Amino acid sequence: MISIIMPVYNAGVLLHTAVESVLRQSFADFELLLVDDGSTDGSAALAHELAKKDGRIRVLEQPNAGICAARNLGLQHCRGQWFTFCDDDDTMLPYALETLLVLAKSTGADVVRGGYRLLRANAAGTAVELPHPPGQAIIIHKPAGQGYLQFLQQSGPQFVWNAMYCTNRLGHLRFDETCRKGLEDFAFNAAVFQQADSAAYTPQIVYEHLERQGSTSACGNPAAVQVRLQYLPRWVQAEYTAARAWCPPQQLPKVWSARQAEFVTFVMHQLRDGRLPPKAKAAAWRSLQQALAACPHSRLDFWYALRHNKKQGAALFLFRTHLQGLYACLPNREEKLLQ
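Described below are features of the structure shown in this document. (Residues numbered from 1 in each chain as written. Predicted model: local features only at pLDDT ≥ 70, side-chain atom pairs only at ≥ 80, totals over all residues. Heavy atoms only, no water.)

### Observations concerning the packing of aromatic side chains
- According to the stated counting rule, one finds 21 aromatic pairs in the structure shown.
- Geometrically, the ring pair formed by Phe 151 and Phe 193 is edge-to-face, given 5.9 Å between the ring centres and 70° between the ring planes. Note that Phe 151 is positioned in helix 5 (residues 146-155) and Phe 193 in helix 7 (residues 184-195), a separation of 42 residues in sequence. The residues Phe 151 and Phe 193 share a single accessibility class, namely buried.
- With 5.6 Å between their ring centres and 40° between their planes, Phe 159 and Phe 186 make a pair best called tilted. (Phe/Tyr/Trp six-rings, centres within 6.5 Å; stacked < 30°, edge-to-face > 60°. Helix = DSSP H or I, 4+ residues; strand = E, 2+ residues; numbered from the N terminus. Buried < 20%, exposed > 50% of the residue type's maximum accessible area, 1.4 Å probe, protein only.)

Shown next as structure tokens:
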């Protein structure tokens, strides 16, 4: 019924924990595809050892090519009616598959999403939970107009590991293998929404995601940040295409205005954490402005953003007044929690 794709790269003992969380699922009709991405620490051998103990596990191997390529290899081989993802250092909660499958069957949605916990390792190696609002349950069908925006706001950042996708409708999609150091989940889900006709979200927590020190999602060094920002125009274009697919022309400007606030906040967050030199920062803002200018309906609505998200409202105000550098002076809740 369900294919679970788990890219594996130098996961060590954490791989065993992640696999066990899948094998403990209350819904047992699944296959687990362990895709080794050229590990050098014995993770591949551990994957084969785990496969010998449970016939639902299959191991695929490739030379190191990155998480997008590993997920794509899994997508080529998955046999389930639905597919989902699990990282090799994360935990799928015991009722995750059952919760998402029940939601999918009860709503007929092409893609379903659940709530999640986000854990980040501090300098001492201790996992600290970063709280975030869980949102409210929501179901949308095309055309949804502002309902599409509400779905994105309620279901939170569009990661892939707390979602499940209909293979018949979406199994042909692939991750962009040129996307490195983050954004691959967001770009993939933008492609998903270009194709899907319905989506559903439940705030019930189905997944725990751990950001280790130096992991792709947590990496804030200048080189990683620049790689993410270089991909920004393609992400913006994919998001705009998805918004057009869901929104009638008269509602698209309002929805797109809110999505642009998301991009502005993302760039400010990356520049704050990446500590880039002034020239690189200026180039990032030019890249964003050019990406937004390439999409019609580029009006930025500060008041709308402020009503729905104070952080985005503040970021948009600083952007419009050319005071982007002051974003680094705003309170950083995550940094305080990790101290």
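### Here's the deal with the packing of helix 7 against helix 8 (residues 222-246)
- With their axes 8 Å apart at the nearest point, helix 7 and helix 8 run at an angle of 25° to one another. With respect to helix 8, the element helix 7 is oriented roughly parallel. Both helix 7 and helix 8 take part in a crossing whose hand is left-handed. Contacts from Phe 186, Ala 187, Ala 190, Phe 193 and Gln 194 of helix 7 reach helix 8 at Tyr 231, Trp 235, Ala 238, Glu 239, Thr 241, Ala 242, Ala 245 and Trp 246.
- A class-by-class count of the residues in the contact of helix 7 with helix 8 yields 10 nonpolar, 2 polar and 1 charged. (Axes fitted to C-alpha atoms, helices over the stretch in contact; angles between N-to-C directions. Parallel < 35°, antiparallel > 145°, perpendicular 65-115°, else oblique. Left-handed = near helix turned anticlockwise from the far one by under 90°. Contact = heavy atoms within 4.5 Å. Nonpolar A, V, L, I, M, F, W, Y, C, P; charged D, E, K, R; others polar.)

### Structural notes on the pairing of strand 10 (residues 198-211)
- Across the 14 residues that make up strand 10, a large majority, 10, are buried.
- As paired elements, strand 5 (residues 91-92) and strand 10 share 2 bridges and run antiparallel to each other. Paired with Met 92 across the two strands is Tyr 207, which belongs to strand 10.
- Where strand 6 (residues 111-121) and strand 10 come together, 10 bridges link them in parallel fashion. Residue pairing for strand 10: Val 111 is matched across the bridge by Ala 199.
- Taken together, the 4 bridges between strand 8 (residues 138-141) and strand 10 define a ladder with antiparallel strand orientation. Residue Ile 138 lies in a different strand from strand 10, and its bridge partner there is Tyr 201. (Pairing = 2+ DSSP bridges.)

### Observations concerning the environment of Leu 252
- Assignment of secondary structure puts Leu 252 in helix 9 (residues 252-274).
- Note on Leu 252: relative accessible area 5%, which makes it buried.
- Spatially, the C-alpha atoms of Leu 252 and Pro 296 are 9.7 Å apart, while their sequence positions differ by 44 residues.

### Remarks on the nonpolar core
- Within the largest apolar cluster, 108 residues are counted, with the highest numbers of intra-cluster contacts made by Met 6, Tyr 148 and Tyr 165.
- Here this core takes 11 residues from helix 9, the largest share from any one element.
- Among all residues touching Tyr 148, those that are not within four sequence positions of it are Ile 140, Phe 193, Glu 239, Ala 242, Ala 243, Trp 246, Cys 247 and Val 255. (Core = buried A, V, L, I, M, F, W, Y, C linked by side-chain atoms within 4.5 Å.)

### Focus: helix 12 (residues 310-320)
- Buried within helix 12 we find Gln 312, Gly 313, Ala 315, Leu 316, Leu 318 and Phe 319.
- Residue His 322 follows helix 12 closely and has a positive phi angle near 60°.

### Things to note about helix 5
- Taken as a whole, helix 5 has its buried residues at Gly 147, Tyr 148, Leu 149, Phe 151, Leu 152 and Ser 155.
- Two residues or fewer past helix 5, Gly 156 is found with a positive phi of approximately 80°.

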